[in-house]
Structures are given as C-alpha cells and as structure tokens.
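# Architecture at a glance
Chain by chain, the residues run as shown.
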Amino acid sequence: MSLEDLETQIRPAFLAALAGDNAAYRLFLDVIGARLRGYLRHMLKRAGRSEPSEAEDVLQEVLLALHLARHTYEPSSPVTAWAHAIARYKLVDHLRRTGRHSGHLPLDDEAFALAAPESQASDARMDLVRAMEGLPERTRRLIDRVKLQGGSVAEAARETGMSETAAKVAIHRGLKAMARFLTRTRRSD
Amino acid sequence: MQTEHLISLLSATGRPVDTGWLRRTAWLGAAAALAATLVLVVSLLGTRRDLATALTTLPVLAKFAFGGSVAAIALVLFQRSLRPGLPARPLLVLVALPVALVVLSAILALLQAPVEQWSALTFGRNWRGCLVIVPLLALCPLGIFALLARRGAPVDRRLTGLSAGLASAGIAILAYALHCPDDTMPFMATWYTLAIGISTTIATLILPRLLRW
C-alpha cells in the first residue's frame, strides 16, 4: 500500500479517535501498528538486529509514545508523517541506548514509504512488563484487567472499586510512568 | 505484554484530545515570559531616564522590531519543532533576515560617520552590560520554554533548543530595550547579535538534555 493510500485509510480514523471514538482509535492503532512493525523490522535488520522480539519492543514503545503525544498532532498535516517522525525518533533513541550503530543508520523516508505492513506480531521481550512493575499495585491491577477484557474500563473500574473517570486518570498516569521508565532504561543487550 | 493487549489498553482509555492546546499554551507562555522579563528589567535595572521621550524614537523602535521579529520567527519554529512530522528546519533561514537587516543598517551608519567615531558608535556606553545582561535575562523565558517543550514531542531536540534560545533572546532584547541607553545601529548589530548568539548556544547545549522523552 502506498503512503497516500495509507494516509487516506487512517486519517479519518485518527481524526475520529481524537474526537473520542475508541473503535476508530483501535482501527488506527491496528493499521499503523502493522505498518510500523514492518518498518521497524526492516530498519533493525539493516542495523544488524534481526531478532523480531526487539522490533516488537520498539513497536510497543512507539505505540505508547503515539498515544501520549496525540495532542501534538497538527490536524492539517499528514498523520503518517506524524507517526513516522515519532517512530524514527524512538528507533534512533533505542539504537543509541542499546549501544552499537549509534549514528550510522541511514534514516531515509523511503524505508517508511516502502515498508510492507506486518500484521503478524512477535512476542515482545519483557520491557513493557518491567515498566509496569514500578506502578502502584492498584494501577497495575487495573491495567491487567482492562487489557485482558479487551478494553472495558467501566468493568475494570468497578472490580477495583474506582469510578470510571478515576480509573482512566490512573491508567493515563500509569502509561506516562511506563513511557518514562522506557526512556530512562538502558537495555543491557 | 502482547502488542494486541497494549492496543486494547490504549484504545480503551482514549479520550477526546485537544490539538490546539499546545499552540495556545505556547503563545500564552511567550506572553507570560515577556511580562516576567519586563518586570525583571523594570525592577532590577530600572528604565532609561529619558524613556518617555525615547520610547517613540527610531533606535528604540528598531530594538523592539529586532527583538520582536527574532522572537516571533523563533516561536513559530519552536512550536513546529514540538509537533512531529511538521517540517521546521527550512524556516531557520528566516531568522537571518532581521539580523541581516540590522547589520546592513549598521554598515550604512558607519559609512556615513567619520572613522574616528566608529569605535564610539560601536562600543557605546555599556556594551558589557548588554552582552552579560541580555543572556541572563533570556534565562527567564528559556525556563518557561523548557517547561513548555516537555509537554510537546520534540523529535529534533537540537532544533527545539536552538529555537527556544533564539526566542528567549528576542524577548530579552524587547525588555532590555527599556533600559539600554545605547542607541546606535552599530551597537545593536554587534552586541545584541552577539547576545543572541550566546543565549542560543547555551540553549542548544542544555535543552536537548532536558527534553529526552
């Protein structure tokens, strides 16, 4: 799929997501996630890292970053360019943190334009799980419930004895803390 | 955690998002930074004694225009640098315009003056003050811009630092113009430009480290 086609497909979904439509948001994350997975695997392979779990880790970090940076999207600009810029930033940051190949990776836009979508996920390593370990017990339980129930905050909130609004705020704070953890961590391998 | 689960989690907690917030906050922050810097100048340095008559004279207006245009261009750049996917670097050349204009006017002024006056025209009464105080004043807006930048997503942190430094220096010049007793173009072209260079260097060195995300 060309970048223009991708843009045509996900732009309405993302704009709806920004207005609060969670189903549209899910569609957007699924489609952009597959595309980014292809891109990240390709770029990491070029940097001499062909372990798919590493690409999955970076993908998760990118998805989290996209989520927390939604307010930085300029609605008149292409959403693919926005997502690509964030993915590239996180990829460079990942390569720098993990040591080798700091500045040598050519980061051309072509790779993103040509990347084939990969909907087949790999198992991630433990990064996100480790990031969750630092969260308050209640937030962790909340996040576990929501993700396993395929995303009903209302139900998870009731089970943990919180209001839905309080649950959303707690999860948002948790996600922010996880993103900070990932930025700070120096992965050893 | 599987990626599918992460997507479930993220889409479950989606809320309406205000994409205009960052822009509004940045302009508000810039206005607050200007106000704070003006207060610093008036309370710590005091205004020049002839301010009432000097305020509408060409040299003071030129200082306002110089500081204001550098700040405005840099602020546009700064805001764009906080939004991934917006091209910003090409706009950097625009900052050269006010600087070039001031340098050109300074050369013209020098050419019209006898050589014996060149030194006096350039060094003025207090070039050291300008060189030290403007970068110090610029730290106030710079702090505000650093806080603002942390709310954005700077994918080019050097550019964010650079544009924040330029904008801070522009604001500092706007405020310092109320105090600065030196009114020649060669003075402005030399010391104000150098002061902008100092502030921008400091910001470009420091901010990228504070803005990792």
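Conventions we followed
- Residues numbered from 1 in each chain as written.
- Chains lettered and ligands numbered in written order.
- Predicted model: local features only at pLDDT ≥ 70, side-chain atom pairs only at ≥ 80, totals over all residues.
- Helix = DSSP H or I, 4+ residues; strand = E, 2+ residues; numbered from the N terminus.
- Buried ≥ 20, exposed ≤ 12 C-beta atoms within 10 Å, placed from the backbone.
- Rg over C-alpha atoms; globule rule 2.2 N^0.38 Å.
- Core = buried A, V, L, I, M, F, W, Y, C linked by C-beta atoms within 7 Å.
- Contact = placed C-beta atoms within 7 Å.
- Nonpolar A, V, L, I, M, F, W, Y, C, P; charged D, E, K, R; others polar.
- pLDDT = per-residue confidence, 0-100.
- Domains from an automatic or database assignment.
- Axes fitted to C-alpha atoms, helices over the stretch in contact; angles between N-to-C directions.
- Parallel < 35°, antiparallel > 145°, perpendicular 65-115°, else oblique.
- Expected span 1.5 Å × (residues − 1).

If you tally the helices and strands in chain B, you get 9 helices and 0 strands. Helices and strands in chain B line up, N terminus first, as α-α-α-α-α-α-α-α-α. On the principal axes, the C-alpha backbone points of chain B span a range of 75 × 35 × 25 Å. Residues counted as buried form 44% of the 213 residues belonging to chain B.

Looking only at helices and strands, one finds 9 helices and 0 strands in chain A. Shown N-terminal to C-terminal, the secondary structure of chain A runs as helices and strands in the order α-α-α-α-α-α-α-α-α. Relative to a compact globule of 189 residues, whose C-alpha radius of gyration would be 16 Å, chain A shows 17 Å and is just as compact. Structurally, chain A occupies a C-alpha span of about 50 × 40 × 30 Å along its principal axes.

Moving on to the nonpolar core. Core analysis: the largest hydrophobic core is formed by 113 residues, its most contacted members being Phe28, Leu40 and Ile86 of chain A together with Ala74, Val134 and Tyr176 of chain B. With 12 residues, helix α8 (residues 157-176) of chain B is the largest single contributor of residues to this core. Apart from residues lying up to four places away in sequence, valine 134 of chain B is in contact with Ala169, Ala172, Ile173, Tyr176 and Ala195 of chain B.

Below, the discussion takes up the interface of chain B and chain A. The partner chain A presents 45 residues to the 31 residues of chain B that form the contact. Residue assignment for the side of chain B that touches chain A shows that the elements contributing at least two residues are α1 (3-12) and α2 (21-45) of chain B. Here the element with the most residues in the side of chain B that touches chain A is α1 of chain B; it accounts for 10 residues. Considering only residue class, the side of chain B that touches chain A consists of 16 nonpolar, 10 polar and 5 charged.

Below, the discussion takes up the confidence of the model for chain B. All names here are of chain B. Here chain B shows a mean pLDDT of 93. Residues at 70 or above account for 100%. When the elements of chain B are averaged for pLDDT, helix α3 (residues 51-54) gives the smallest value, 85, and α8 the largest, 96. In the model output, the complex is listed with pTM 0.90 alongside ipTM 0.89.

To continue, consider the domain arrangement of chain A. Residues and elements named next belong to chain A. Taken domain by domain, chain A consists of domain 1 (1-124) and domain 2 (126-189). Taken over C-alpha atoms, the centre of domain 1 sits 22 Å from the centre of domain 2. With 10 residues of domain 1 at the contact, the number on the domain 2 side is 9 residues. Counted by class, the side of domain 1 that touches domain 2 contains 4 nonpolar, 3 polar and 3 charged residues.

This part is about the packing of helix α7 (residues 137-148) of chain A against α1 of chain B. Running from amino to carboxyl end, α7 of chain A crosses α1 of chain B at an angle of 105 degrees, the nearest separation of the two axes being 8 Å. For the element pair α7 of chain A / α1 of chain B, the angle class is roughly perpendicular. Together, Ile143, Val146 and Lys147 of chain A of α7 of chain A and His5, Ser8, Leu9 and Ala12 of chain B of α1 of chain B make up the contact between the two elements. Each residue belonging to the contact of α7 of chain A with α1 of chain B can be placed in one class, and the counts come to 4 nonpolar, 2 polar and 1 charged.

The end-to-end C-alpha distance of helix α3 (residues 52-68) of chain A is 24 Å, a good match for the 24 Å that 17 residues give at a rise of 1.5 Å each. Of all 17 residues that make up α3 of chain A, 15 are buried, and the element is covered over most of its length.

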